[in-house]
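Residue-level listing of the chains:
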Amino acid sequence: MGISISNISKSYKNVKALQDISFDVKPNELFGLIGPDGAGKTTLFRILTTLLFPDEGTATVAGFNVVGDYKEIRKNVGYMPGKFSLYQDLTVEENLNFFATIFGTTIDENYDLIKDIYVQIEPFKDRRAGKLSGGMKQKLALSCALIHKPKVLFLDEPTTGVDPVSRKEFWEMLKRLQQKGITILVSTPYMDEAALCDRVALIQDGKILEIDTPEAIVKHYPKPIYNVRANNMYQLIISLKDYEFNHSVYPFGEFVHYTDSRTDFNPKELRHYLETKNLSDIEIQETEATIEDTFMELAK
Amino acid sequence: MKRFIGFIKKEFYHIFRDRRSLFILFGMPIAQILLFGFAITNEINNVDIAILDHSKDTTTEEIINKIAASKYFSIKQMVTREADIASVFQKGQVKAVLNFEKDFSKNLIKDHKATIQIITDATDPNTANTITNYISAILQQYQKELNKDITIAYQIIPQTRMVYNPELKSVYMFVPGVMTIILMLVSAMMTSISITREKELGTMEILLVSPLKPFQVIIGKVFPYIFLSIINAVVIVMLSIFIFNMPVQGSLFLLGLESVLFIITSLALGILISTISATQQTAMMISLMGLMLPVILLSGFIFPISSMPMPLQIISNIIPAKWFIIILKAIMLKGVGLQFIWKETLILLGMTVFFIALSVKKYKIRLE
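Parameters and conventions
Residues numbered from 1 in each chain as written. Chains lettered and ligands numbered in written order. Predicted model: local features only at pLDDT ≥ 70, side-chain atom pairs only at ≥ 80, totals over all residues. Heavy atoms only, no water. Domains from an automatic or database assignment. Contact = heavy atoms within 4.5 Å. Buried area = accessible area lost by both parts, 1.4 Å probe. Salt bridge = Lys/Arg side-chain N within 4 Å of Asp/Glu carboxyl O. Helix = DSSP H or I, 4+ residues; strand = E, 2+ residues; numbered from the N terminus. Buried < 20%, exposed > 50% of the residue type's maximum accessible area, 1.4 Å probe, protein only. Pairing = 2+ DSSP bridges. Axes fitted to C-alpha atoms, helices over the stretch in contact; angles between N-to-C directions. Patch = residues over 30% accessible without salt bridge, like charges linked within 9 Å, V, L, I, M, F, W, Y side chains within 5 Å. Areas by Shrake-Rupley, 256 points an atom, 1.4 Å probe, with all protein chains shown as cover. Polar contact = N/O pair within 3.5 Å; in protein donor to acceptor, adjacent residues only side chain to side chain.

1. With respect to the domain arrangement of chain A
Residue and element names in this part refer to chain A. The domain boundaries assigned to chain A delineate domain 1 (3–218) and domain 2 (222–299). Using only C-alpha atoms to locate each centre, domain 1 and domain 2 end up separated by 37 Å. Counting residues at the interface gives 14 residues for domain 1 and eight residues for domain 2. The largest per-residue losses of area from domain 1 upon contact with domain 2 belong to Met191, Leu209 and Val218, which jointly make up 55% of the total buried on that side. One can count zero salt bridges joining domain 1 with domain 2. Listing elements by their share of the side of domain 1 that touches domain 2, those giving two or more residues are helix H7 (191–194), strand S9 (199–204), strand S10 (207–212) and helix H8 (214–219).

Written out as structure tokens, the structure reads:
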């Protein structure tokens, strides 16, 4: 009942959007597809939702082949495209009603599934969808994608352009939907959201870099990683990049994540080096790798 | 079926909430009919002319009175010298000057011959031509009156009769043309725009990933416009009957059926346009350039097809509007039944089937 993808490739003219992609999403799993813009996430979604043909390879969704059984798939999946794709000139309620009708159901019939989400936008049910805020638009789009009780839910960058509070709420909703037995494939460019998935696939330039649980991905990070801070962030980054033993230097909030190329790295040496660069208030602490660190390491 | 009704309901919401399109939809037919009916016309009325009378005798006076009495001309000024004619035209005050020769009456009696020169401003050739014809007709009429006591040995008397439009009203010619343009535009442009809008806004993506069948989407998109186009056709016919006294000699029922057929032809064209254009703007440009221009230029609406060069005459055959205008004129003015227009009807029907088949074939159930 999940999703099974084997050796999918897809090219547009000269661009290889997807190269030999294979992975499985287990039934009732919340699976994240993590990667930057242009990694091929949307193309993969469109193949799985039967909107595009793969050039090579096969895939099944809820047991149906994406090429041959496209009609069955279209009945059984919910799809929320990356771009807000509801009717802006229809009200919240009219949009929901419309999608319920074309899937041959009613709002009342599946109300319990969307209740958690819909109650938040119900006060605005007579407002035109175009006039909703970003977070509310996403909630409405999710309600519309869920109204026919799909077996598999495809969410293409649902939280892009949404404020942090709404993003958090959105993920809590996804967790609850998962408990109701829906398989969810969600893509996002935000690495912090990856930790909320059961398993994630890191994707870049049409290739899968790694597939595992978020915890395992973090554990597999090969090197000790250090939070480095100093009085001048800009100078700090430049100095670290100049340091002959640096392996990777990435700004990360108020710190810089630093790894060293040597196995016997001593933070004190680094502190001395930074002091010679006229930096003060230097802090160096070992820290846990994040998915972003892993991604950067893999994408190197 | 419930899905289908839900879809149509949604389409009507779109149409009624988009005030601007709604205005175009219903404002345009009324504006066009009134514009063509009142302002743009081939007839001449109260054309200003000037007179240069060298003889100033009873005959010229009678002729001048006759011309002044007709509703076509009004005498704006009298010119006294030949040299002034040019300046009168240059000022654009008059469209024609009548120049009576010296001793007009005397010459007529003595030589049985007198000349009058008609000088017209041919910057607008059609008007110049019409003015010349009208003045000649008035002169001939006057001549006949002079000769009524004399019998001429050999005489050919042409008896002309204009049938179907005896008063030569140009509105009779424009109504079928305007009706064709409006139905074509509303049906083809509006549907192609409304289908491409779904593509542009990304909602087509969701509609595709739904159990709705492609033909349900298309029919659902098209259906409201059939309805609106029929209302438009009724409005146009009513306007022309009640404001311009245009007769509908034939059966209104047949007129209605033929209009519905043409509406469906146009809708099919609209669907076809939407399958080849990705944005609303492209759809609009194709509809305007690809449909409006041929309808106006090559359908026989304004320029008679029989006087076009051969290649254009052949091209005009593939324009659905040409056949619909023939049908409309036949029903409205000649009052004929289906037995006289079955050929045109069949051609239109064939085109419709062809366009529908082509757009079904081109309609994509996927994004590529």
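From this point, the discussion proceeds with the structure in view.
2. Brief notes about the pattern of salt bridges
As enumerated under the stated definition, the model contains 22 salt bridges over all chains in all. As a salt-bridge pair, Arg176(A) and Asp116(A) come within 3.0 Å of each other at their nearest N and O atoms. Placement of Arg176(A) in helix H6 (residues 164–179) and of Asp116(A) in helix H4 (residues 111–121) is noted, with a sequence separation of 60 residues between them. We classify Arg176(A) as partly exposed; its relative accessible area is 35%. Here Asp116(A) falls in the partly exposed class, since its relative accessible area comes to 31%. In this structure, Glu198(B) engages Lys221(B) in a salt bridge whose closest nitrogen and oxygen atoms are separated by 3.0 Å. One end of the pair, Glu198(B), is in helix H7 (residues 170–201); the other, Lys221(B), is in helix H9 (residues 214–242), with 23 residues separating them in the sequence. Both residues of the pair, Glu198(B) and Lys221(B), count as buried.

3. Some details on the sheet that holds strand S11 (residues 225–229) of chain A
All names here are of chain A. Read across the sheet, four strands follow the order S12-S13-S11-S14 without closing on themselves; strand pairing throughout is antiparallel. Single-partner strands in this sheet number two, and they are strand S12 (246–252) and strand S14 (283–287). Neighbouring strand axes in the sheet, compared pairwise and without regard to direction, differ in orientation by 25° on average. Across three bridges, the pairing between S11 and strand S13 (residues 255–260) is antiparallel. Bridge pairing links Tyr226 to Tyr258 in S13. Strands S11, S12 and S13 of the sheet are contacted by helix H9 (residues 233–242), whose axis makes an angle of about 160° with S12.

4. With respect to a nonpolar patch on the surface
A cluster of nonpolar side chains, namely Ile30(B), Leu34(B), Phe38(B), Ile230(B), Val234(B), Met238(B), Phe242(B) and Ile243(B), defines an oily patch on the protein surface of about 730 Å² accessible area. With four residues, the single largest contributor to the nonpolar patch is H9(B).

5. Thoughts on the pairing of strand S2 (residues 15–25) of chain A
Residues and elements named next belong to chain A. Looking at chain direction, strand S1 (residues 3–12) and S2 are connected through seven bridges and run antiparallel. Within S2, the position partnered with Ile3 by the bridge is Val25. In this antiparallel pair of consecutive strands, S1 and S2, the connection spans two residues, and Lys13 shows a positive phi of 40°.

6. Section: the interface of chain A and chain B
Each partner contributes to the interface: chain A provides 31 residues, whereas chain B provides 25 residues. Along the contact surface separating chain A from chain B lie two salt bridges. Run the count over chain A and chain B and you get 11 residue pairs in polar contact (both at pLDDT 80 or more). Of all elements in the fold, only helix H2 (70–76), strand S6 (77–80) and helix H3 (92–102) of chain A reach the threshold of two or more residues within the side of chain A that touches chain B. Per-element accounting of the side of chain A that touches chain B gives the leading share, five residues, to H3(A).

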